[in-house]
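Architecture at a glance
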Amino acid sequence: MKQIIFFLVLASISSCSKNAPVLNNSDQLDVTPKITYDTVAIDSFGPGATSEAVMAKINAAAIKREKDSLDKIAKAEQEKLDKEKAKLEAEKAKEEKKEPKQQAQAEVSENQ
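About the criteria used
- Residues numbered from 1 in each chain as written.
- Predicted model: local features only at pLDDT ≥ 70, side-chain atom pairs only at ≥ 80, totals over all residues.
- Heavy atoms only, no water.
- Helix = DSSP H or I, 4+ residues; strand = E, 2+ residues; numbered from the N terminus.
- Buried < 20%, exposed > 50% of the residue type's maximum accessible area, 1.4 Å probe, protein only.
- Areas by Shrake-Rupley, 256 points an atom, 1.4 Å probe, with all protein chains shown as cover.
- Salt bridge = Lys/Arg side-chain N within 4 Å of Asp/Glu carboxyl O.
- Patch = residues over 30% accessible without salt bridge, like charges linked within 9 Å, V, L, I, M, F, W, Y side chains within 5 Å.
- Lys, Arg positive; Asp, Glu negative; His and termini not counted.
- Charge placed at Lys NZ, Arg CZ, Asp CG, Glu CD.

Scanning the chain from terminus to terminus reveals three helices and zero strands. Taking all 112 residues of the chain together, the buried fraction comes to 0%. Per element, the accessible surface of the chain, about 11400 Å² overall, is 59% carbon and sulfur.

The full count for this structure, using the stated rule, is one salt bridge. The partner of K64 in a salt bridge is D68, and the shortest N-O contact between them spans 3.5 Å. Of this pair, K64 and D68 both sit in helix 3 (residues 52–111), four residues apart, which is roughly one turn of the helix.

Before going further, it helps to spend a moment on a nonpolar patch on the surface. There is a patch of nonpolar side chains on the surface, built from M1, I5, V9 and I13 and spanning about 440 Å² of accessible area. With respect to the helices and strands, M1 occurs in the segment before helix 1 (2–16).

Together, E91, E95, E96 and E99 make up a region of like negative charge exposed at the surface. For E99, the location among the structural elements is in helix 3.

These figures come from the coordinates and say nothing about function on their own.
Encoded structure:
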């Protein structure tokens with residue numbers, strides 16, 4: 001029985017003493033995968049570079065889109081202001097209609 005326990009202790013000690021691989025060894029640096037990129041740097045004067053004329057067209061299109069979106073925003077704001085103004089005018093008209101009725105009722109009650 002003591003021999004079995006001794007054997008198990010010896011086996012557990014030997015299994016725990018295994019060296020873990022270290023990634024910083026010079027031998028293992030060759031094993032690490034190489035990093036590959038899916039993009040390539042393009043020189044501004046090299047083939048595939050965008051010319052100034054093309055960039056001017058792109059910028060003009062972007063400016064036009066920006067102006068269009070600003071115009072839409074301004075139009076929406078103006079419509080909102082117009083609706084608020086129309087609502088205020090409608091309320092004012094209702095109040096003016098009520099005032100003559102109240103004045104007429106006041107005159108009738110004064111005459112009685």
